[in-house]
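Fold and geometry: a report
Chain residues, written in single-letter form:
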Amino acid sequence: MNVLSHLGCDKVFHYFEEVCDIPHGSLYEKALSDHIVAFAKERGLYCRQDERMNVVIKKAGTAGYENAPALIIQGHIDMVCEKNADTEHDFLTEPLKLYIDGDDIKAKGTTLGADNGIAVAYMLALLDAEDIAHPPIECVFTVEEEIGMGGATDLDVFDLEGKRFLNMDTEEEGYLMVSCCGGRRMRMYLPTERMIKPVAEKAYALRIRGLKGGHSGADIHLQRASANVLMGRALLEIRESLSYHLVKVNGGNMDNGICREAEAVFTIDPAKEEQLAALVQELRDTFFAEYKDRESDILMTIEAVDAEEVLTDAVRDHIIALLLLLPYGVQTMDTNMEGLVESSSNIGIVRTEEDHIFIDNAVRGSVESRKETICRKIELLGELCGAKVVGVNDYPGWQYNPNSELLSIFKDAWTEHFGAEPKVVAIHAGLECGLFAKKIPGLDLISLGPDMHDVHTPDERLSISSTIRVWDYLKAVLKKLK
């Protein structure tokens, strides 16, 4: 596309655009993984690609750094694939349509995948460079991070020699990340029963759109609205005023994304259409009043559609109960670090299938017992409604090490480079650091990255100037790692 080629930055933006040209949504990373392997082979670098499509590339230290301790640099190659309802884009076959808006790089109507494509670009630029001083580096490109960290979980680390580890999946410049929470996906399967639609009733689709959404870890403290939760409230309020039969309910595409859009189809007496429209408008006004300081708009529309079958009232009532009672949002705050969320839950996906309704919850917690309690609540709610609940993709947190030598080096380099102290912080979102710490005893870890905003949404943007500053800082740090 050559939209970013003029930005320079030692080919960082060149490689970022190259990444964006290759479809690489979660579970569909093979093309990008193969491209990275070809890149390494062209340069004669050690390269290993495993069956999961994780890639490890090694590069020797530059002159004077040959015997320095190796540094592992890691990022994930999959991206969250979200688009606006009016955007036509095939994430399996089409490149992202990049454009520059002031200091930001964006994609037209879709997620940008700067989370974590910029880490891939940084690593490729470093592996390609011949004039940057650095110790031996071991670049690790993992898959399926966005859907449970399956790549990092299954990666064999037999050929990784480094005891210093830099993760580049942090989304705010000026922050040195030193800890993250663990998590688990709680997947619920609610059995469905159907019957023929009453002849006298007409089907309508209620759609909720226009929400900001966001990352279910990094943005959960902002208390933005979830379209799935609002849909549960709407279905309850409508049931209190009108008799209806539910056909289906769907909302969200990713369990780690705050749900931006949801749809429910139900049937009512067509003579009640005006009453329904008035009720929906009243609900929209109520929701917007509640979230006016957190949401720029909440759109709710009603449209006549076709339907032949409806769910039983029992199934309808169970789905309403689950959408309203399943834990959503911040559950507890950390009492030792101001402003840090300790535990949370996100109702990321609701999907009506042939014989069940699927609900996917992302549970996060830095205290294992708190995380476990939230998971048990979800299990108990499922049992009460006759649903099967399965916990998957459990991953550990990453504990803060106050004696980290790597942190001391990175802090000193930051102060020397920028003339100010960096902020040392923990994050509520999950990073792959905990998995690597568990695999490699004695690993010293840190995480950083440039400014990016609204990740996991079509409003995602990456700061150009911040990307350049972080790259320059990274080179300064590498020079100190002898």
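So, here's what we can say about the structure. (Residues numbered from 1 in each chain as written. Predicted model: local features only at pLDDT ≥ 70, side-chain atom pairs only at ≥ 80, totals over all residues. Heavy atoms only, no water.)

**Observations regarding the nonpolar core**
Generally speaking, a soluble globular protein has its nonpolar side chains buried in company with each other. In terms of nonpolar packing, the biggest core is built from 69 residues, with Phe 16 and Phe 141 touching the most fellow members. In terms of residues, this core owes the most to one element, helix α3 (residues 114-128), which gives 11 residues. By size, the runner-up hydrophobic cluster in this structure holds 50 residues, among which are Ile 208, Val 229, Ala 262 and Leu 279. (Core = buried A, V, L, I, M, F, W, Y, C linked by side-chain atoms within 4.5 Å. Buried < 20%, exposed > 50% of the residue type's maximum accessible area, 1.4 Å probe, protein only. Helix = DSSP H or I, 4+ residues; strand = E, 2+ residues; numbered from the N terminus.)

**Comments concerning unusual backbone geometry**
A cis geometry characterises the amide bond from Asp 115 onward to Asn 116, with omega recorded as 15°. Looking at the secondary structure, you find Asn 116 in helix α3. The phi dihedral of Cys 9 is positive, around 65°, even though this residue is not glycine. Considering the arrangement of structural elements, one finds Cys 9 in the segment before α1 (12-20). Unusually for a residue other than glycine, Met 53 sits at a positive phi of about 85°. Counting through the fold element by element, Met 53 comes out in the loop between β1 (46-49) and β2 (55-59). Of the residues examined, Met 53 reaches a relative accessible area of 18% and is grouped as buried.

**Considerations on the environment of Glu 290**
Tracing the backbone shows Glu 290 in helix α6 (residues 273-291). By relative accessible area, Glu 290 is classed as partly exposed at 34%. A C-alpha to C-alpha distance of 30 Å links Glu 290 and Ala 314, two positions 24 residues apart in sequence. Of the polar contacts made by the side chain of Glu 290, one reaches the side chain of Arg 233; its length is 2.8 Å. (Polar contact = N/O pair within 3.5 Å; in protein donor to acceptor, adjacent residues only side chain to side chain.)

**Digging into the side chain of Asp 115**
With respect to the helices and strands, the residue Asp 115 is situated in helix α3. For Asp 115, which is buried and forms no salt bridge, the nearest opposite charge comes from Arg 364, at a distance of 8.8 Å. Here the side chain of Asp 115 touches His 456 through a polar contact of 3.0 Å, side chain to side chain. In contact with Asp 115, not counting residues within four places along its chain, are His 76, Asp 78, Met 79, Glu 146, Asp 169, Glu 171, His 215, Met 452, Val 455, His 456 and Glu 460. (Lys, Arg positive; Asp, Glu negative; His and termini not counted. Salt bridge = Lys/Arg side-chain N within 4 Å of Asp/Glu carboxyl O. Contact = heavy atoms within 4.5 Å.)

**Considering the pattern of salt bridges**
Tallied over the entire structure, the rule returns 40 salt bridges. For Arg 184, the salt bridge is made with Asp 394, and the minimal N-O distance between the two is 2.5 Å. Residue Arg 184 is found in strand β9 (residues 182-191), and its partner Asp 394 is found in strand β19 (residues 388-395); the two are separated by 210 residues along the sequence. Bridged by salt links that share partners, the residues Arg 184, Glu 368, Lys 371, Glu 372 and Asp 394 form one connected network.

**Digging into the sheet that holds strand β22 (residues 452-453)**
Across the sheet, four strands lie side by side as β4-β5-β23-β22; this open sheet has antiparallel pairing. The open sheet has two edge strands, β4 (98-101) and β22, and neither has a second partner. Relative to strand β23 (residues 461-463), strand β5 (residues 104-107) runs antiparallel, the two sharing two bridges. Paired with Asp 104 across the bridge in β23 is Ser 463. (Pairing = 2+ DSSP bridges.)

**Structural notes on the layout of surface pockets**
Here the largest pocket defines a volume of roughly 1000 Å³. Cys 81, Glu 82, Gly 252, Asn 253 and Met 254 are, among the 41 residues lining the largest pocket, the residues nearest its centre. Of all the elements, strand β17 (residues 341-352) adds the most residues to the lining of the largest pocket, at four residues. Empty space within the second largest pocket amounts to approximately 580 Å³. Lining of the second largest pocket is provided by 24 residues; of these, Glu 172, Ala 218, Asp 219, His 221 and Ile 427 occupy positions nearest its centre. Only β8 (175-180), β20 (423-427) and β22 provide two or more residues apiece to the lining of the second largest pocket. Examining the composition of the lining of the second largest pocket, we find that three residues originate from one element, β20, more than from any other. Here the lining of the second largest pocket is built from residues that sort into 12 nonpolar, six polar and six charged. (1 Å grid on protein atoms, 1.4 Å probe; cavity = no way out; pocket = protein on both sides within 12 Å on 5 of 7 lines; lining within 4 Å. Points joined across faces, edges and corners; volume = space filled by probe spheres on them. Nonpolar A, V, L, I, M, F, W, Y, C, P; charged D, E, K, R; others polar.)

**Notes on the packing of aromatic side chains**
Here a ring pair, both rings aromatic, is described through the centre-centre distance and the interplanar angle of the planes. Scanning the entire structure with this criterion turns up nine aromatic pairs. Centre to centre, the rings of Phe 418 and Tyr 473 are 6.0 Å apart; their planes meet at 40°, and the pair counts as tilted. Of the two residues, Phe 418 sits in helix α9 (residues 405-418) while Tyr 473 sits in helix α11 (residues 464-480), which places them 55 residues apart along the sequence. Residue Tyr 473 is classed as buried on the basis of its relative accessible area of 0%. Grouping aromatic residues by their ring pairs yields a cluster made of Phe 410, Trp 414, Phe 418 and Tyr 473. In this structure, Arg 316 is placed above the aromatic ring of Tyr 244, and the distance from its NZ or CZ to the ring centre is 5.3 Å. Directly above the ring of Tyr 65 sits Lys 482, whose terminal nitrogen or CZ lies 4.9 Å from the centroid. (Phe/Tyr/Trp six-rings, centres within 6.5 Å; stacked < 30°, edge-to-face > 60°. Lys NZ or Arg CZ within 6 Å of the ring centre and 35° of its normal.)

**What about the pairing of β4?**
When β4 meets β5, the two strands line up antiparallel, connected through four bridges. Within β5, the position partnered with Leu 98 by the bridge is Ala 107. In textbook terms, the turn of a hairpin is the stretch between consecutive antiparallel strands, and for β4 and β5 this stretch comprises two residues, one of which, Gly 102, has a positive phi near 65°.

**Describing a nonpolar patch on the surface**
A cluster of nonpolar side chains, namely Leu 27, Tyr 28 and Leu 92, defines an oily patch on the protein surface of about 350 Å² accessible area. Looking at where Leu 27 falls in the secondary structure, it is placed in the loop between α1 and α2 (30-42). Assessed through its relative accessible area of 54%, Leu 27 is described here as exposed. (Patch = residues over 30% accessible without salt bridge, like charges linked within 9 Å, V, L, I, M, F, W, Y side chains within 5 Å. Areas by Shrake-Rupley, 256 points an atom, 1.4 Å probe, with all protein chains shown as cover.)

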